[in-house]
Amino acid sequence: MTTRILVPGGDADRWDQAIYAFLAEKGRRSGSMRTVESYSRMLYRFFGTVCKPPDLVEASEVFGYAHGIGLSGKQPSSTTVGARMACISSFYRFLIRMGMVNANPCDRLERPRATPAPPRGLVAADIKKLLEALPSTPVGLRDRAIILTLTLTGRRRTEVLNLKVGDLINEGDAVQYTYRGKGGKRGKRELPQPAFQAIQQSLEAFGKNLTTMEPEDSLWPSSANSERGITGGTFYGNLRRYFKQAGLPPAGVHIFRHSAAKLRRDAGESIEEVSRFLDHSSLAVTTV
């Protein structure tokens, strides 16, 4: 994939700089590098296909890209088509604000009605079965602590994996944790005791103790001699293996956030209570 706009005989540097500025703004607003990386891939793939500067792109070319077959060789879903259009449209709105183009070609296109599959969530019996599949090794105990923390707090993957020793605060009989959420939002919540106890047991297995560790040390050591935490890719690989060993369908890390919401609803909490628990900005998202 190209990392520059392909503009035969055109001012490619000017448009590349516009993309860099757009992605930087997107990163500041969303607080998510995954969003920035996704937008970057889609923009360069699109302009690498049409080989035109943005001010000469036509609506039909956006339509062809949005509905085109991607690297998977399959027809894109309505969700994928919508995401491609939203990315390009967002970039053109930025260009209009910067005075670089006069119109947004996406305004002429009809957005597909997205029909995403309902999010899955594990029930208590599934989570128990999954935990039983983990080995009683330091790595297994660490991953068990991560799974319990994800499920009991409802936090996102990066919010949990980025937790450090200094993020835990003892307040009487309770342990609080601070986190940096989506969009840079900071929060403070009580850490459920089962999660805290699992963290302590995990660290002891690695020969570590919360009272002697540095504030910047990760709660999820990659080894006994390292203060650095496990990477998201490594944990995901381990998780896939655990799901298989437990006889459960494969799933990503985000399923624990869905599970947290599902378990709270099953326990009788209202949509509003679950929405506040998950830090959702919209009840519509929670309802899904």
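Just above sits the structure.
Residues numbered from 1 in each chain as written. Predicted model: local features only at pLDDT ≥ 70, side-chain atom pairs only at ≥ 80, totals over all residues. Heavy atoms only, no water.

A. Molecular detail of the packing of aromatic side chains. Scanning the model with the defined rule gives nine aromatic pairs in all. Taken together, a centroid distance of 6.0 Å and an interplanar angle of 70° make the contact between Phe91 and Tyr92 edge-to-face. A relative accessible area of 1% places Tyr92 in the buried class. One aromatic cluster in this structure is built from Phe22, Tyr39, Phe46, Phe47, Tyr65, Phe91, Tyr92 and Phe94. Over the face of the ring belonging to Tyr179 we find Arg155, whose NZ or CZ atom lies 4.0 Å from the ring centre. (Phe/Tyr/Trp six-rings, centres within 6.5 Å; stacked < 30°, edge-to-face > 60°. Buried < 20%, exposed > 50% of the residue type's maximum accessible area, 1.4 Å probe, protein only. Lys NZ or Arg CZ within 6 Å of the ring centre and 35° of its normal.)

B. Up close: the pattern of salt bridges. Per the stated rule, a full pass over the model turns up ten salt bridges. A salt bridge links Glu159 to Arg155, with the nearest nitrogen and oxygen atoms 2.7 Å apart. Arg155 carries the same exposure label as Glu159, and that label is buried. In the salt-bridge network here, residues are joined through shared partners; they are Arg155, Arg156, Glu159, Arg189 and Asp279. (Salt bridge = Lys/Arg side-chain N within 4 Å of Asp/Glu carboxyl O.)

C. Here's a closer look at unusual backbone geometry. Look at Cys51: it is not a glycine, yet its phi comes out positive at around 55°. Along the chain, Cys51 turns up in the loop between α2 (33-50) and α3 (59-66). (Helix = DSSP H or I, 4+ residues; strand = E, 2+ residues; numbered from the N terminus.)

D. Fine view of the nonpolar core. Counting 38 residues, the largest nonpolar core has Leu130, Trp220, Phe243 and Phe256 as its most contacted members. Taken together, the elements giving at least two residues each to this core come down to α5 (124-132), α6 (138-153), α7 (157-161), β2 (174-180), α8 (193-205), α9 (232-246) and α10 (255-266). With near-sequence residues (within four places) excluded, Phe243 lies in contact with Leu122, Leu130, Leu248, Pro249, Pro250, Ala251, Ile255 and Phe256. By size, the runner-up hydrophobic cluster in this structure holds 30 residues, among which are Ile19, Val36, Met85 and Cys106. (Core = buried A, V, L, I, M, F, W, Y, C linked by side-chain atoms within 4.5 Å. Contact = heavy atoms within 4.5 Å.)

E. Representation of the packing of α6 against α9 within the structure. One way to put it is that α6 packs onto α9 with a least axis distance of 11 Å and a crossing angle of 90°. The angle between α6 and α9 places the two elements in the roughly perpendicular class. Taking contact as the criterion, the partners of Val139, Gly140, Arg142, Asp143, Ile146, Ile147 and Leu150 in α6 are, on α9, Phe235, Asn238, Leu239 and Tyr242. Among the residues forming the contact of α6 with α9, the class breakdown is seven nonpolar, two polar and two charged. (Axes fitted to C-alpha atoms, helices over the stretch in contact; angles between N-to-C directions. Parallel < 35°, antiparallel > 145°, perpendicular 65-115°, else oblique. Nonpolar A, V, L, I, M, F, W, Y, C, P; charged D, E, K, R; others polar.)

F. Spotlight on the sheet that holds strand β1 (residues 168-171). Pairing within the open sheet is antiparallel, and its three strands lie in the order β1-β2-β3. Edge positions in the sheet fall to β1 and β3 (186-190), since each has one partner strand and no second. Each adjacent strand pair in this sheet contributes to an overall mean axis angle of 25°, direction not counted. Looking at chain direction, β1 and β2 are connected through four bridges and run antiparallel. When the bridges of β2 are listed, Asn170 appears paired with Val175. (Pairing = 2+ DSSP bridges.)

G. Up close: the environment of Glu227. The topology assignment puts Glu227 in the loop between α8 and α9. Linking Glu227 and Lys208, residues 19 residues apart in sequence, is a C-alpha distance of 9.8 Å. Residues contacting Glu227, with those up to four places away along its chain left out, are Lys208, Asp217 and Ser218.

H. A look at α10. With twelve residues, α10 extends 16 Å from end C-alpha to end C-alpha; this agrees with the ideal 16 Å at 1.5 Å per step. Against α5, α6, α9 and α11 (271-278) lie the buried residues of α10. Looking at the residues trailing α10, positive phi occurs at Gly268, about 105°. (Expected span 1.5 Å × (residues − 1).)

I. Broad picture of the pairing of β3. Looking at chain direction, β2 and β3 are connected through five bridges and run antiparallel. In the strand pairing of β3, Gln176 is matched with Glu190. The hairpin turn running from β2 into β3, its antiparallel successor, is five residues long, and Gly183 in that turn takes a positive phi close to 75°.

J. Quick peek at the side chain of Ser202. The residue Ser202 is located in helix α8 in this model. Since its relative accessible area comes to 0%, Ser202 is described here as buried.

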